[in-house]
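# Reading the structure
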Amino acid sequence: MKDLFNEQIIAGYTDCLKARGQEKEAEYVWHQFQALSREAREKYEAGEGRS
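Basis of the calculations
- Residues numbered from 1 in each chain as written.
- Predicted model: local features only at pLDDT ≥ 70, side-chain atom pairs only at ≥ 80, totals over all residues.
- Heavy atoms only, no water.
- Helix = DSSP H or I, 4+ residues; strand = E, 2+ residues; numbered from the N terminus.
- Buried < 20%, exposed > 50% of the residue type's maximum accessible area, 1.4 Å probe, protein only.
- Areas by Shrake-Rupley, 256 points an atom, 1.4 Å probe, with all protein chains shown as cover.
- Salt bridge = Lys/Arg side-chain N within 4 Å of Asp/Glu carboxyl O.
- Contact = heavy atoms within 4.5 Å.
- Axes fitted to C-alpha atoms, helices over the stretch in contact; angles between N-to-C directions.
- Parallel < 35°, antiparallel > 145°, perpendicular 65-115°, else oblique.
- Left-handed = near helix turned anticlockwise from the far one by under 90°.
- Expected span 1.5 Å × (residues − 1).

Along the backbone of the protein there are 2 helices and 0 strands. In the protein, buried positions account for 12% of the 51 residues. A total accessible area of about 4,400 Å² is found for the protein, and carbon and sulfur atoms account for 51% of it.

Encoded structure:
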């Protein structure tokens, strides 16, 4: 699960998709990564999920 928040891994995966001609899929994965990262950051800053 933590790999889903690793920008380098996601970037590598999207590069592989692009190399296979799957640009739309790569774009979708990248946008989902950005949205999830933004949501996690906002929750963290709001104090949600902290023990």
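Across all of its chains, the model carries 1 salt bridge by this definition. Between Glu-39 and Lys-43 there is a salt bridge, with the nearest N and O atoms lying 3.4 Å from each other. Linking Glu-39 with Lys-43, this pair stays in helix H2 (residues 23–45), spanning 4 residues, or about one helical turn. Note on Glu-39: relative accessible area 40%, which makes it partly exposed.

This paragraph deals with the environment of Glu-7. Relative to the helices and strands, Glu-7 resides in helix H1 (residues 7–19). The exposure class assigned to Glu-7 is partly exposed, which follows from its relative accessible area of 47%. Distance in space between the C-alpha atoms of Glu-7 and Ser-37 is 9.4 Å, their sequence separation being 30 residues. Leaving out residues up to four positions away in the same chain, Glu-7 has contacts with Trp-30 and Phe-33.

Glancing now at the packing of H1 against H2. Close contact between H1 and H2 brings their axes to 7 Å; oriented N to C, the two are set at 165°. When the interaxial angle is binned, H1 and H2 end up roughly antiparallel. Crossing hand, H1 versus H2: left-handed. Across the interface between the two elements, Glu-7, Ile-10, Ala-11, Tyr-13, Thr-14, Leu-17 and Lys-18 from H1 touch Glu-23, Glu-25, Ala-26, Val-29, Trp-30 and Phe-33 from H2.

In this section: H2. Between its terminal C-alpha atoms H2 stretches 33 Å, which fits the 33 Å expected from 23 residues at 1.5 Å a residue. Along H2, the positions that sit buried rather than exposed are Ala-26, Phe-33 and Ser-37. For H2, the elements touching its buried residues are H1. Count one or two residues on from H2 and you reach Gly-47, which has phi positive near 90°.

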